[in-house]
Amino acid sequence: MKIFLLQPPTGKRFIKKGSIVPPMGLPYLAAVLEKRNIDLQCLDADSLNLTLDEIIAKIKRFKPDVLGISVNTPSVNNAVYIAKRIKMEIAAITIAGGPHATVLPEELLNKGFDFVVKGEAEETILEFIDFLENKKRKEKIAGLCFKKNGALKCNAGRKLITNLDALPFPAWHYFPIDIYKSDFKRTGLTLPILTSRGCPGQCVFCYKGVFGSCLRVRTPKSVIQEIKHLKTRYGIDGFDILDDSFTAIPRRAIEICKLMV
């Protein structure tokens, strides 16, 4: 099975300035698919500033069985256009995930996507492969949405991943890490780290559809292991912690800092 993961470009009305921030969702998905021995290709078309025609040409050359697109609101129109073009030209199943897909699955299904994943996707995507290999019914996959007899069908929501230490480290070797730049360190190679998911705060302006309001943390040992991994495999000289609330548990934050020292 061949799977192509895409971060589509943002719309022209959304002007990007400053840093080139890598996506966090797709590298995690790439890591779990790699462990499953999937023939995989990833493309961060947003950071590379590729045109839609260039993106479609790359997908067609790979000829994937599945095209997975991470969709946020600024990129939704481009995501829909790419999915429609690919459906017209090659026999690929299209599946959307990410924040916009989690909030508005019916919109994307109505605009041509075959499936939508709501919330965290690492476990859902593996069960989706089981479905494609006739090992599981799609109606049994938590977090999956699709059309059934013309009507929206969303299965039961998937429980949040509690043991974050069990997830493989993001597979950055599928992405153009040399072009990524941090907001805080403009020179050298910097990559992001998530030491936790979710936030216990209740700010009215904050969207929590993917990671939720329950704070789930990795152990300090796991965090340090990832920092070492990023240094030895990718040669980073800096990293950004992108948690919603790194200091929500002060003792844990202090322990991570002491282990770094």
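Just above, that's the structure.
Residue numbering note: each chain is counted from 1, following its sequence as written. Reporting in this predicted model follows two pLDDT cut-offs: at least 70 for local features of residues, and 80 or more for side-chain atom pairs to be given and counted; totals over whole chains, interfaces and linings ignore these cut-offs and use all residues. Each side-chain value is worked out from all heavy atoms of the structure, with water and hydrogens disregarded.

Residue-level account of the state of the cysteines, with values.
Note that a disulfide, as used here, is simply two cysteine sulfur atoms within 2.5 Å. In the structure shown here, the tally under the stated rule is one disulfide. Cys-206 provides the cysteine sulfur closest to Cys-199, a residue in no disulfide bond, and the two sulfurs are 6.5 Å apart. Cys-203 forms no disulfide, and the closest cysteine sulfur to it belongs to Cys-206, at a distance of 6.3 Å. Burial classes: relative accessible area under 20% of the type maximum marks a residue as buried, over 50% as exposed, and values in between as partly exposed (1.4 Å probe, protein chains only). On the basis of relative accessibility, which here comes to 44%, the residue Cys-203 falls in the partly exposed class.

Residue-level account of the environment of Ile-249, with values.
To qualify as a helix, a DSSP run of H or I must reach at least 4 residues; to qualify as a strand, a run of E must reach at least 2; elements of each kind are numbered from the N terminus. The topology assignment puts Ile-249 in the loop between β11 (238-241) and α9 (250-260). Taking relative accessible area as the criterion, Ile-249 reaches 37% and is therefore assigned partly exposed. Remark: the alpha-carbon pair of Ile-249 and Leu-215, spanning 34 residues in sequence, is separated by 9.6 Å. Look past the residues within four positions of Ile-249 in its chain and what remains in contact with it is Leu-215 and Val-217. For this analysis, residues touch if any pair of their heavy atoms sits within 4.5 Å.

I'd love a proper account of the packing of helix α8 (residues 220-234) against α9, names of residues and values included.
Fitting a line to C-alpha atoms yields each axis, with helices limited to the stretch in contact; the angle taken between N-to-C directions then spans 0 to 180 degrees. Orientation of α8 relative to α9, taken along the N-to-C sense of each, is 40 degrees, at an axis distance of 9 Å. As far as their axial angle goes, α9 and α8 are oblique. Crossing of α8 over α9 shows right-handed handedness. Across the interface between the two elements, Pro-220, Lys-221, Val-223, Ile-224 and Ile-227 from α8 touch Arg-252, Glu-255, Ile-256, Leu-259 and Met-260 from α9. The nonpolar class holds Ala, Val, Leu, Ile, Met, Phe, Trp, Tyr, Cys and Pro. Asp, Glu, Lys and Arg form the charged class, and all remaining residues, Gly among them, are polar. Here the residues of the contact of α8 with α9 sort into seven nonpolar, no polar and three charged. Note on terminology: angles under 35 degrees are roughly parallel, angles over 145 are roughly antiparallel, angles of 65 to 115 are roughly perpendicular, and the others are oblique. Crossing handedness is read from the near helix: turned anticlockwise from the far helix by less than a right angle, it gives a left-handed crossing, and turned clockwise, a right-handed one.

I'd like a description of the packing of aromatic side chains, backed by residues and values.
Aromatic rings from Phe, Tyr and Trp, taking only the six-membered ring of Trp, are treated as a pair when their centres fall within 6.5 Å; an angle between ring planes under 30 degrees marks them as stacked, one over 60 as edge-to-face, and anything in between as tilted. For the structure on display, the rule yields seven aromatic pairs. Where Phe-115 meets Phe-128, the ring centres are 5.0 Å apart and the plane angle is 70 degrees; that geometry is what we call edge-to-face. You can see Phe-115 sitting in strand β5 (residues 115-117) and its partner Phe-128 sitting in helix α7 (residues 122-132), a full 13 residues away along the chain. By relative accessible area, Phe-115 is classed as buried at 8%. Plain terms: the ring middles of Trp-172 and Phe-175 are 6.2 Å apart, the flat faces sit at 70 degrees to each other, and that makes the pair edge-to-face. Just as Trp-172 is buried, Phe-175 falls in that class too. Chaining the aromatic ring pairs together yields one cluster made of Phe-115, Phe-128, Phe-131 and Phe-146. Charge-over-ring contacts are defined here by two conditions on Lys NZ or Arg CZ: a distance within 6 Å of the ring centre and an angle within 35 degrees of the ring normal. Lys-2 extends its terminal NZ or CZ atom over the ring of Phe-62, reaching a point 4.5 Å from the ring centre.

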